[in-house]
Amino acid sequence: MQLVVARIGRAHGIKGEVTVEVRTDEPELRLAPGAVLATDPAATGPLTIETGRVHSGRLLLRFEGVSDRTGAEALRNTLLIAEIDPEELPEGEDEYYDHQLMDLDVVTADGTEVGRITEISHLPSQDLFIVERPDGTEVLIPFVEEIVAEIDLEEQKAVITPPPGLIDDNAEIASSRDES
């Protein structure tokens, strides 16, 4: 499975380094020296990371064969794509990759069907499951321990214990948006 792990930004300095916008929770694994990454556009790659360092809070990378500012600037806005084993799990307990959570059935603790996860939104304060209900409306479920009681990848379901009003209020809000 291919996942976007970074986007190349502007050139930094004159020796071929570029800034990158990191799009992975594991940059030390995915963006390490020696990593070979596919690219979008495909004609730009594959690219092999030669060096990496943090400078003023930004990750800087240099790729094999790119030794000057002109070459680095030509890479701007290129997406870096890593090949990931779909069965691979993050190191931390109760951590998941987005692709593992997509399309899980969402049910309450008593087994009531809520819907299916169609998207995951990564906000500064917390992540949100965007769940499509059987009637086509959406409900937003905060991905926090107090609400998401269990993720069962084998059964392909997420069990939630929503506080009063979370599911019903979101359905009414989504319905009122559709009527507007």
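Everything in this summary refers to the structure shown in the same document. Quantities reported herein were computed from a predicted structural model and do not represent experimental measurements.

Basis of the calculations
- Residues numbered from 1 in each chain as written.
- Predicted model: local features only at pLDDT ≥ 70, side-chain atom pairs only at ≥ 80, totals over all residues.
- Heavy atoms only, no water.
- Helix = DSSP H or I, 4+ residues; strand = E, 2+ residues; numbered from the N terminus.
- Rg over C-alpha atoms; globule rule 2.2 N^0.38 Å.
- Buried < 20%, exposed > 50% of the residue type's maximum accessible area, 1.4 Å probe, protein only.
- Contact = heavy atoms within 4.5 Å.
- Areas by Shrake-Rupley, 256 points an atom, 1.4 Å probe, with all protein chains shown as cover.
- Core = buried A, V, L, I, M, F, W, Y, C linked by side-chain atoms within 4.5 Å.
- Pairing = 2+ DSSP bridges.
- Axes fitted to C-alpha atoms, helices over the stretch in contact; angles between N-to-C directions.
- Salt bridge = Lys/Arg side-chain N within 4 Å of Asp/Glu carboxyl O.

**Thoughts on the overall build of the protein**
- Scanning the protein from terminus to terminus reveals 4 helices and 12 strands.
- Expected size for 180 residues packed as a compact globule is a radius of gyration near 16 Å; at 20 Å, the protein overshoots this value by more than 25%.
- If you line up the protein on its principal axes, its C-alpha atoms span 60 × 40 × 30 Å.
- Taken over 180 residues, the protein has a buried fraction of 38%.
- For the protein, long-range pairs separated by at least 24 residues make up 48% of all intrachain contacts whose partners lie at least 6 apart in sequence.
- As presented, the protein carries roughly 10600 Å² of accessible surface, and 47% of it is formed by carbon and sulfur atoms.

**Thoughts on the nonpolar core**
- Counting residues in each nonpolar core, the largest one holds 20 residues, and the members touching the most others are I8, L31, L61, F63 and L80.
- Elements supplying a minimum of two residues to this core: β1 (2-12), β2 (17-22), β4 (47-55), β5 (58-63) and β6 (79-83).
- Every residue in contact with L61, bar those within four places of it in the chain, is listed here: G16, E17, V18, V20, L31, I49, T51, G52 and L80.
- Counting residues in each nonpolar core, the second largest holds 17 residues, with L104, I117, I147 and A158 among its members.

**As for the pairing of β5**
- The buried fraction of β5 amounts to 5 of the 6 residues, a majority that puts the element mostly inside the structure.
- Hairpin connection of β4 to β5: 2 residues between the antiparallel strands, including S56 at a positive phi of 50°.

**Here we look at the sheet that holds strand β10 (residues 138-142)**
- A sheet is described by the order of its strands in space; here 6 strands give the open sequence β10-β9-β8-β7-β12-β11, paired in mixed fashion. The open sheet has two free edges, formed respectively by β10 and β11 (148-152), since each of these has just one partner strand. Between one strand axis and the next, the sheet turns by 35° as a mean value, whatever way the strands run.

**Quick word on the pattern of salt bridges**
- In this structure the tally under the stated criterion is 4 salt bridges.
- Note that E21 is salt-bridged to R7, the shortest N-O span being 3.1 Å. Here E21 is found in strand β2, whereas its partner R7 is found in strand β1, with 14 residues between them in sequence.
- Residue class for E21 comes out partly exposed when judged on its relative accessible area of 30%.

**Structural notes on the sheet that holds β2**
- Ordered by their spatial adjacency, 6 strands build a closed barrel running β1-β2-β5-β4-β3-β6, and the pairing between neighbours is antiparallel. Strand-to-strand twist in this sheet, taken as the mean axis angle between neighbours without regard to direction, amounts to 50°.
- Note that β1 and β2 share 5 bridges and pair antiparallel. Paired with I8 across the bridge in β2 is V20.

**Quick notes on unusual backbone geometry**
- P41 follows D40 through a cis peptide bond whose omega is 15°.
- Within the element layout of this structure, P41 appears in the loop between β3 (36-40) and β4.
- Geometrically, the link from G45 to P46 is a cis peptide bond, its omega value of 0° lying close to zero.
- Position of P46 among the secondary structure elements: in the loop between β3 and β4.
- Its identity as a non-glycine residue notwithstanding, D103 has a phi of 70°, on the positive side.
- In this structure, D103 sits in the loop between α3 (98-101) and β7 (105-108).

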